[in-house]
Amino acid sequence: MKNYKIAVVNGDGIGHEIVPMGVEVLEAASAKFGFKLAITSFPFGAGYYQEHGDFMAEGAMEELKSFDAILFGAVGLPAVDDTLPFKLFTNKVRTAFKQYVNYRPVKLLDGIQSPLGTKTQADIDFVVIRENNEGEFVQNGRVMYGDEPHGFATDTSLFTRVGIERIAHYSFKLARKRRSKVTNVTKSNTMINTLAYWDRVIGEVAAQYPDVEYRKMYIDAATANFVLHPEYFDVVLTTNMLGDILSDLGGAIMGSLGFGPSGNLNPERTFPSMFEPIHGSAPDIAGKGIANPIGQIWSAAIMLEHLGEQAAADAIVAAINQTTAAGVLTTDAGGTNSTKEVAQSILKFL
Ligand code: ATP
Ligand code: MG
């Protein structure tokens, strides 16, 4: 029997409510589909920072390396300055473990009405592939003379050929398993160095996949098209910051940010990958038992898919769809159910 070592990090806020639901669903799936899970929890995040002055224990990265995957909630507390390095929990794991793909499906669930009105499940079914290790979020910059009249600040983005090529290859290969279409979203008409280089390298890779339809689109047009013509998209290949923005928009057109799942993937499997909902720790609703657990549970399903447990992953996604079709929904998605009721329904259908 296969046995997977899973690290679980609730993080902060609603992470404490929804991650345990994800774990319950994983345990039910493992019993049903005949594999074992050895789960270890870690208390890292902003709460940990308040107590220990760092966002994770010393040596924790080394320890996390030995796991097959990480199931993660979200970090952040209003009382902790979010420009502190602790926020980098996510960035640190993503970069140290070479999770250079941020895989974010945008798919309308059964029975859910998109805020886009007439758009149906056939129209809203694409994946945002966000470059996850470099670009605008390398946090290379500084504030100089901040309190002076002539103060200024810089942030430098970094794009490497290796970094662009690998995310491009991942996207074109993924497109071959889907509807064979890649839309490269940038702003290379104004970011004339970095993003023009990005476009050039992506274009070179595109030429190696002549069977995949390849188009470029600027981010301003892409945001409008997400709303007006979501059916246009299949694989959306984009940079770190633009992908961050586009995937929240993707979550919104799915009917709630609380539905959005993601995987931070290391496709070569040299280090563990990490799975988390696209939303944050939602401190405004934390502790109330009303957070939508679906983005978290769906992320757990993507984790199983990554581990090779496709049947179990499909069964969880089917149980999620049966739950939304039955109208068992939290308030963010227009329902009246609690976090636990939604998770119980998914468990029942599973
Ligand atoms: P981050 O910077 O970590 O991405 P954020 O500032 O984008 O965080 P979120 O924590 O994602 O903010 O919350 C944005 C809004 O969405 C809040 O009003 C929050 O309550 C709501 N929200 C987020 N996740 C959920 C969820 N799972 N269920 C219900 N509402 C949610
Ligand atoms: Mg956010």
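Residues numbered from 1 in each chain as written. Chains lettered and ligands numbered in written order. Predicted model: local features only at pLDDT ≥ 70, side-chain atom pairs only at ≥ 80, totals over all residues. Heavy atoms only, no water.

J.: For the overall build of the protein, give the residues involved together with the corresponding values.
T.: Along the protein, the regular secondary structure elements total 11 helices and 12 strands. Whereas a compact globule of 350 residues would reach a radius of gyration of roughly 20 Å, the protein reaches 20 Å, a difference of no more than 12%. Looking at the protein as a whole, 53% of its 350 residues qualify as buried. Surface exposure of the protein reaches about 15000 Å², of which carbon and sulfur atoms provide 53%. Of note, the protein has its 30 positive side-chain charges centred 7 Å away from the centre of its 39 negative side-chain charges. (Helix = DSSP H or I, 4+ residues; strand = E, 2+ residues; numbered from the N terminus. Rg over C-alpha atoms; globule rule 2.2 N^0.38 Å. Buried < 20%, exposed > 50% of the residue type's maximum accessible area, 1.4 Å probe, protein only. Areas by Shrake-Rupley, 256 points an atom, 1.4 Å probe, with all protein chains shown as cover. Lys, Arg positive; Asp, Glu negative; His and termini not counted. Charge placed at Lys NZ, Arg CZ, Asp CG, Glu CD.)

J.: Pulling in residues and values, what's your account of the nonpolar core?
T.: Ranked by internal contacts, the top residues of the largest apolar core, which has 81 residues, are I6, L71, Y103, I129, F172, L304 and I316. Top contributing element to this core by residue count: helix 9 (residues 294–307), with 9 residues. Not counting residues up to four positions away in its chain, the partners in contact with I316 are V25, A29, I297, A301, L304 and L350. Formed by 18 residues, the second largest nonpolar core is a distinct cluster that contains F55, F67, I70 and F72. (Core = buried A, V, L, I, M, F, W, Y, C linked by side-chain atoms within 4.5 Å. Contact = heavy atoms within 4.5 Å.)

J.: Summarise the sheet that holds strand 10 (residues 235–238); cite the residues concerned and give the values.
T.: With mixed pairing, 10 strands are arranged side by side in an open sheet as 2-1-3-12-11-4-5-10-8-9. At either end of the open sheet lies a strand with only one pairing partner, and these are strand 2 (36–42) and strand 9 (213–218). Here the average twist between neighbouring strands, direction ignored, is 25°. Bridging between strand 4 (residues 101–107) and strand 11 (residues 261–265) involves 3 bridges; their strand directions are antiparallel. Pairing of Y103 across the sheet is with G263, part of strand 11. Along the sheet, helix 4 (residues 88–96) contacts strand 1 (3–11), strand 3 (69–74), strand 4, strand 5 (125–131), strand 11 and strand 12 (273–277); its crossing angle with strand 12, the most-contacted strand, is approximately 145°. (Pairing = 2+ DSSP bridges. Axes fitted to C-alpha atoms, helices over the stretch in contact; angles between N-to-C directions.)

J.: Quick one: what's the story with the domain arrangement of the protein, residue by residue and with numbers?
T.: On domain assignment, one finds that the protein holds domain 1 (1–109 + 257–350) and domain 2 (113–121 + 132–253). Between domain 1 and domain 2, the C-alpha centre-to-centre distance is 24 Å. With 20 residues of domain 1 in contact, the opposing surface of domain 2 contributes 19 residues. Of all residues in domain 1, Y100, L108 and L257 give up the largest surface area on contact with domain 2, accounting jointly for 39% of the area buried on that side. If you look at where domain 1 meets domain 2, you find 0 salt bridges. One can count 8 residue pairs in polar contact (both at pLDDT 80 or more) joining domain 1 with domain 2. (Domains from an automatic or database assignment. Buried area = accessible area lost by both parts, 1.4 Å probe. Salt bridge = Lys/Arg side-chain N within 4 Å of Asp/Glu carboxyl O. Polar contact = N/O pair within 3.5 Å; in protein donor to acceptor, adjacent residues only side chain to side chain.)

J.: Talk me through the packing of helix 9 against helix 10 (residues 310–325); I want residue IDs and the actual numbers.
T.: At a closest axis distance of 7 Å, the pairing of helix 9 and helix 10 adopts a crossing angle of 160°. One finds that helix 9 runs roughly antiparallel with respect to helix 10. Crossing geometry of helix 9 relative to helix 10 is assigned as left-handed. Taking contact as the criterion, the partners of I294, I297, W298, A301, L304 and E305 in helix 9 are, on helix 10, Q310, A312, A313, I316, V317, I320 and T324. Broken down by class, the residue content of the contact of helix 9 with helix 10 amounts to 10 nonpolar, 2 polar and 1 charged. (Parallel < 35°, antiparallel > 145°, perpendicular 65-115°, else oblique. Left-handed = near helix turned anticlockwise from the far one by under 90°. Nonpolar A, V, L, I, M, F, W, Y, C, P; charged D, E, K, R; others polar.)

J.: Got a sec to walk through helix 10? Specific residues and values, please.
T.: Given a rise of 1.5 Å per residue, 16 residues ought to cover 22 Å, and the 22 Å separating the end C-alpha atoms of helix 10 matches this to within 8%. Inspection of helix 10 places A312, A313, A315, I316, A319, I320, N321, T323 and T324 among the buried residues, and these make up the whole buried set. For helix 10, the secondary structure elements touched by its buried residues are helix 1 (15–33), helix 9 and helix 11 (339–349). (Expected span 1.5 Å × (residues − 1).)

J.: Outline the pattern of salt bridges, listing residues and values.
T.: Inspection of every chain in the model, using the stated rule, returns 14 salt bridges. One salt bridge connects R161 with E165, and the closest N-O pair in it is separated by 3.0 Å. Of this pair, R161 and E165 both sit in helix 5 (residues 161–177), separated by 4 residues, roughly a single helical turn. Note on R161: relative accessible area 29%, which makes it partly exposed.

J.: Quick one: what's the story with the environment of A311, residue by residue and with numbers?
T.: Checked against the element boundaries, A311 lands in helix 10. A311 sits in the partly exposed class, given a relative accessible area of 47%. In this structure the C-alpha to C-alpha distance between A311 and A301, which are 10 residues apart in sequence, comes to 9.9 Å.

J.: I'd like a rundown of the pairing of strand 5, residues and numbers included.
T.: The side chains of a regular strand alternate, first on one face of the sheet and then on the other. Among the 7 residues of strand 5, 7 are classified as buried, and the element is accordingly described as predominantly covered. Across the two faces of strand 5 the burial is the same, with D125, V127, I129 and E131 and F126, V128 and R130 all buried. Sheet topology note: the strand 4/strand 5 ladder contains 7 bridges and is antiparallel. Looking at strand 5, one finds that P105 is bridged to V127. Note that strand 5 and strand 10 share 4 bridges and pair parallel. Each bridged residue has a counterpart across the sheet, and for V128 the counterpart in strand 10 is V236.

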